[in-house]
Amino acid sequence: MSVKEESGLDFDIKINDSLNNQQIKNNNNSENNSNINNNNNQNDNNNNNNNDISITNFYKKSSNPIVSILTVFFKFLSIFLFLFMNLFVSNESYTIITVIISGSIDFWYTKNISGRILVGLRWWNQIKSNGQEVWIYESKNEQDLNKINSKIFWDSLYTNTFIWVVLSFWELIRFKFMWGTLTVIMLILSGTNLFSFIKCSELQRKNIVEFSKRFGKKIVKDVGKEVIANQLY
């Protein structure tokens, strides 16, 4: 029979080693937790910075912030005057004239300034010597444009046209022909710019085609599901 003896020194060494190993593990865990917390804080800071960029510094990222601001301002001004000017002016003729002037300024500014500066697009018409009217559409390389400029321009133009479509429909179904006529005039001004700049922009035409395809597929898919469901039930 053999007996294994362990000295007290060996026992102390084993205890110390186990304590050291446990302490190292605790330190590693605390370091990992600290790193995780730091990463979470950094992610929170990044999210806050991204939110700050998307809200407060949106126009600062534009290469032409003044042009961008005026592009949105003139469109907003026409809609605001149409909706609220009667609250301050009793004569409706003043409202109609002011809204048309504001819309004309927006049309001219979008066509001749913001379209050219923000998205590198330009359109106009000219009369040839033989009396033929020719429409000309020009564009720069759209891949090199400032994305913020492009977003401000197109979003404001689409939104403005959509709002005038809604207002025109609303006034006409209420049989408010005078106000309906005014909204149709504003829709023609905004819609002409939208249509012409889309003709200039190859990128926008591609986006519209892709959107139409996706929308068409979604409608076909939804209709197909409903037909199948009706057949089953």
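For the structure itself, consult the block above.
Criteria and thresholds
- Residues numbered from 1 in each chain as written.
- Predicted model: local features only at pLDDT ≥ 70, side-chain atom pairs only at ≥ 80, totals over all residues.
- Heavy atoms only, no water.
- Helix = DSSP H or I, 4+ residues; strand = E, 2+ residues; numbered from the N terminus.
- Buried < 20%, exposed > 50% of the residue type's maximum accessible area, 1.4 Å probe, protein only.
- Contact = heavy atoms within 4.5 Å.
- Pairing = 2+ DSSP bridges.
- Phe/Tyr/Trp six-rings, centres within 6.5 Å; stacked < 30°, edge-to-face > 60°.
- Lys NZ or Arg CZ within 6 Å of the ring centre and 35° of its normal.
- Core = buried A, V, L, I, M, F, W, Y, C linked by side-chain atoms within 4.5 Å.
- Axes fitted to C-alpha atoms, helices over the stretch in contact; angles between N-to-C directions.
- Parallel < 35°, antiparallel > 145°, perpendicular 65-115°, else oblique.
- Left-handed = near helix turned anticlockwise from the far one by under 90°.
- Nonpolar A, V, L, I, M, F, W, Y, C, P; charged D, E, K, R; others polar.

### Side note on the overall build of the protein
Thought 1: Tallying secondary structure elements over the protein gives six helices and two strands in all.
Thought 2: In the protein, the order of α-helices and β-strands from amino to carboxyl end is α-α-α-β-β-α-α-α.
Thought 3: Counting over 233 residues, the protein shows a buried share of 25%.
Thought 4: Look at the contacts in the protein between residues 6 or more apart in sequence, and 68% of them connect residues 24 or more apart.

### Focus on the pairing of strand β1 (residues 121–127)
Thought 1: Bridge count between β1 and strand β2 (residues 133–139): seven bridges; the pairing is antiparallel. Each bridged residue has a counterpart across the sheet, and for Arg-122 the counterpart in β2 is Glu-138.
Thought 2: Connecting β1 to the next strand, β2, in antiparallel fashion are five residues, including Gly-131 with a positive phi near 90 degrees.

### Observations regarding the packing of aromatic side chains
Thought 1: On inspection of all chains with the given rule, the structure shows twelve aromatic pairs.
Thought 2: Among the aromatic residues, ring-to-ring pairing joins Phe-153, Trp-154, Tyr-158 and Phe-197 into one connected group.
Thought 3: In this structure, Lys-111 packs its charged tip against the face of Trp-123, placed 4.8 Å from the ring centre.

### Section: the nonpolar core
Burial of nonpolar side chains together is a common tendency in soluble globular proteins.
Thought 1: Counting residues in hydrophobic clusters, the biggest one holds 16 residues, and the most contacted among them are Val-119, Leu-121, Phe-153, Trp-154, Leu-157 and Phe-197.
Thought 2: Within the residue set of this core, elements represented by two or more residues are α2 (65–84), α3 (92–119), β1, α4 (147–173) and α5 (177–200).
Thought 3: Here this core takes five residues from α3, the largest share from any one element.
Thought 4: Met-85, Trp-164, Leu-167 and Trp-179 belong to the second largest nonpolar core, which has eleven residues in total.

### Focus on the packing of α4 against α5
Thought 1: The contact between α4 and α5 brings their axes to 8 Å, and the two run at 150 degrees. Relative to α5, the element α4 lies roughly antiparallel. In the crossing of α4 with α5, the sense of the turn from one axis to the other is left-handed. Of the residues in α5, those in contact with Phe-153, Trp-154, Leu-157, Tyr-158, Asn-160, Thr-161, Trp-164, Val-165, Leu-167, Ser-168, Glu-171 and Leu-172 of α4 are Trp-179, Gly-180, Thr-183, Val-184, Met-186, Leu-187, Ser-190, Gly-191, Asn-193, Leu-194, Phe-197 and Ile-198.
Thought 2: Broken down by class, the residue content of the contact of α4 with α5 amounts to 15 nonpolar, eight polar and one charged.

### A look at unusual backbone geometry
Thought 1: Of note in this structure, Phe-175 is not a glycine but carries a positive phi near 60 degrees.
Thought 2: Inspection of the secondary structure assignment puts Phe-175 in the loop between α4 and α5.
Thought 3: On the accessibility criterion, Phe-175 (62% relative accessible area) is exposed.

### Describing the environment of Thr-95
Thought 1: By secondary structure assignment, the location of Thr-95 is in helix α3.
Thought 2: Among all residues touching Thr-95, those that are not within four sequence positions of it are Leu-81, Met-85, Asn-86 and Trp-179.

### Structural notes on the environment of Ser-150
Thought 1: Mapped onto the elements, Ser-150 comes out in helix α4.
Thought 2: In sequence terms Ser-150 and Val-119 are 31 residues apart; their C-alpha atoms lie 5.6 Å from each other.
Thought 3: Those residues in contact with Ser-150, other than ones at most four positions away along the chain, are Leu-118 and Val-119.

### A closer look at the side chain of Lys-75
Thought 1: In this structure, Lys-75 sits in helix α2.
Thought 2: Apart from residues no more than four positions distant in its own chain, Lys-75 is found in contact with Asp-106, Thr-110, Ser-156, Leu-157 and Asn-160.

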